[in-house]
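Close look at the chain arrangement
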Amino acid sequence: MKFGVHVSISGGVDKAIERAGALGCDCFQIFVANPRSWASQRISKQDAGLFREKRAVSGLGPLVVHMTYLPNLASPDPAIHKKSLKNFLDQYEDATMVGADLFVIHPGSSKGEDRTKALRRLAESVRSGIDKYPDGPKALLEVMAGGGSIIGGLPEELAEADGIISRPEKTGICFDTAHAFAAGYEIDKPNGMAKLRKRFHKCYGRHPISLIHLNDLRSEFGSKHDRHEHIGKGNLGPDGIRNVLRTPGMRSLPVILETPVDESRDDMGNLAEARKLSLPQT
Ligand SMILES: [Zn+2]
Ligand SMILES: [Zn+2]
């Protein structure tokens, strides 16, 4: 399996490749803009070219771009939706320029208003990016912990959005293990992950999971609270993580870790743990 982490682009987008290489990643994930700002800092053609050259030499891949956190493509507020759509299109274009393979999108929130309309806004926004940049990365909606107005806690809801996008060859799912466990799916149990994967298949009419965000969960199972933990140290635990990674069909997918970095463990430590848990038990 291919394992990687989210790395920073500070100092230039190409620096991310060096960081990922130094950590021993096979693949990696980046933001192409400041994740907590609306300001659109674009990547220049020159920087994108340098990045592509360096990545070709490094052999690292797939390259995942995660959309920043502020855009809400499902927003019922026209001004916020407009701003979100522009932000998404800018980032999707930059992701295309740097040669990204996958682009992860948080589905957003209906903010207490009509969910069906929110799904439509989300789907039409994503489709506009896919159609505007035909060489763009595969657009992945991320499974969320759900709760309240948050979209993406249910496979059927994600499948409904996917049906409206109607570009199946260019769309899929980013499966975050912490989010799924917080949403209340028993992915730690034998057959729990297999059952959920079958449910995705049933409502999509294909296997949509294209990427694993491998995180343990600090919050309780089913709590809808999304707090990431070091691999094996949370409520999913080593057996839960192993169960996800050993489930047939999951083994061909790239894995990105979004785990904490603190005094108890760093990215390299979590990568080592994840790789260990992916191997057959001896
Ligand atoms: Zn995410
Ligand atoms: Zn999360």
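Our subject is the structure listed above.
Now for a look at the structure at hand.

What counts as what
Residues numbered from 1 in each chain as written. Chains lettered and ligands numbered in written order. Predicted model: local features only at pLDDT ≥ 70, side-chain atom pairs only at ≥ 80, totals over all residues. Heavy atoms only, no water. Pairing = 2+ DSSP bridges. Helix = DSSP H or I, 4+ residues; strand = E, 2+ residues; numbered from the N terminus. Axes fitted to C-alpha atoms, helices over the stretch in contact; angles between N-to-C directions. Buried < 20%, exposed > 50% of the residue type's maximum accessible area, 1.4 Å probe, protein only. Right-handed = clockwise from strand over helix to strand, strands pointing away. 1 Å grid on protein atoms, 1.4 Å probe; cavity = no way out; pocket = protein on both sides within 12 Å on 5 of 7 lines; lining within 4 Å. Points joined across faces, edges and corners; volume = space filled by probe spheres on them. Nonpolar A, V, L, I, M, F, W, Y, C, P; charged D, E, K, R; others polar. Donors = N, O, S within 2.8 Å, 3.2 Å for Na, K, Ca; no water. Tetrahedral: all angles 85-135°; square planar, octahedral: opposite > 155°, others 65-115°. Contact = heavy atoms within 4.5 Å. Left-handed = near helix turned anticlockwise from the far one by under 90°. Polar contact = N/O pair within 3.5 Å; in protein donor to acceptor, adjacent residues only side chain to side chain.

Glancing now at the sheet that holds strand β3 (residues 63-66). Within the open sheet, the eight strands sit side by side as β1-β10-β7-β6-β5-β4-β3-β2. Their pairing is parallel. Each end of this open sheet is capped by a strand with a single partner; those strands are β1 (3-5) and β2 (28-30). The sheet shows a mean angle of 30° between the axes of neighbouring strands, taken without regard to direction. In terms of strand pairing, strand β6 (residues 171-176) meets strand β7 (residues 209-214) through four bridges, oriented parallel. Across the sheet, the residue bridging to Asp176 is His213, located in β7.

Residues Leu63 and Val65 line one face of β3 and the alternating positions Val64 and His66 line the opposite face, and both faces are buried. By the bridge criterion, three bridges tie β2 to β3 in an arrangement that is parallel. Residue Ile30 lies in a different strand from β3, and its bridge partner there is Val65. As for the winding sense of the linkage, the β-α-β connection from β2 through helix α2 (residues 45-58) to β3 is right-handed. In this structure, β3 lies alongside strand β4 (residues 102-105), joined through three bridges in parallel fashion. Directly across from Val65, in β4, lies its bridge partner Phe103. In terms of handedness, the path from β3 via helix α3 (residues 78-97) over to β4 forms a crossover that is right-handed.

Let us now look at the layout of surface pockets. Space inside the largest pocket adds up to approximately 620 Å³. Lining the largest pocket we find 28 residues, and of these His66, Tyr69, His106, Met144 and Asp226 sit closest to its centre. In this structure, the second largest pocket encloses a volume near 170 Å³. Along its surface, the second largest pocket is lined by Gly184, Tyr185, Glu186, Lys189, Pro190, Asn191, Gly192, Lys195, Leu196 and Arg199. A per-class count over the lining of the second largest pocket returns three nonpolar, three polar and four charged.

Here the idea is plain: a probe the size of a water molecule rolls over the atoms and shows the empty space left. Going through the model one piece at a time under the given rule, you end up with one cavity of 30 Å³ or more. Here the largest cavity is characterised by a volume of approximately 30 Å³. Along the walls of the largest cavity sit Val32, Ala33, Ser40, Gln41, Arg42, Asp90, Gln91 and Asp94, which together make up its complete lining. Here the lining of the largest cavity is built from residues that sort into two nonpolar, three polar and three charged.

With that settled, consider the coordination of the zinc ion (ligand 1). Around the zinc ion (ligand 1), the donor atoms from the protein are His66 (NE2), His106 (NE2) and Glu142 (OE), and they sit 2.1 to 2.2 Å away. Sequence spacing of the donor residues for the zinc ion (ligand 1), all on one chain, is H-x39-H-x35-E. If you look at the zinc ion (ligand 1) and the zinc ion (ligand 2), they sit 5.4 Å from each other. Here Glu142 lies in strand β5 (residues 138-142) and His106 lies in the loop between β4 and α4 (115-132), a separation of 36 residues in the sequence. A relative accessible area of 22% places His106 in the partly exposed class. Exposure remark for Glu142: the relative accessible area of 0% places this residue in the buried category.

On to the coordination of the zinc ion (ligand 2), then. Surrounding the zinc ion (ligand 2) are the protein donor atoms His179 (NE2), Asp226 (OD), Asp226 (OD) and His228 (NE2), at 2.0 to 2.8 Å. Here the zinc ion (ligand 2) binds four donor atoms, and the angle range of 51 to 121° at the metal identifies the geometry as irregular. Along the chain, the residues donating to the zinc ion (ligand 2) are arranged with the sequence spacing H-x46-D-x1-H.

Once that is clear, we can look at the environment of Asp188. Structurally, the position occupied by Asp188 is in the loop between α6 (177-183) and α7 (192-204). Classification of Asp188 as partly exposed rests on a relative accessible area of 23%. Distance from Asp188 to Leu70, taken between C-alpha atoms, is 31 Å for residues 118 residues apart in sequence. Once you skip the residues sitting within four places of it in the chain, Asp188 turns out to touch Phe181, Leu236, Asp239, Gly240 and Asn243.

Once that is clear, we can look at the packing of helix α8 (residues 237-246) against helix α9 (residues 267-278). Angle between the axes and distance between the axes: these two values describe a pair of packed helices. For the pair α8 and α9, the least separation of the axes is 8 Å and the interaxial angle reads 65°. Note that α8 runs across α9; the crossing there is right-handed. Here α8 contributes Pro238, Ile241, Arg242, Leu245 and Arg246 to the contact with α9, which in turn contributes Ala274, Leu277 and Ser278.

Turning to the side chain of Asn215, a few remarks are in order. Structurally, the position occupied by Asn215 is in the loop between β7 and β8 (216-217). In this structure Asn215 comes out as buried when scored by relative accessible area, which is 0%. Side chain to side chain, Asn215 and Asp176 meet in a polar contact 3.1 Å long.

From the geometry alone we can't say anything about function, so treat these as descriptive.
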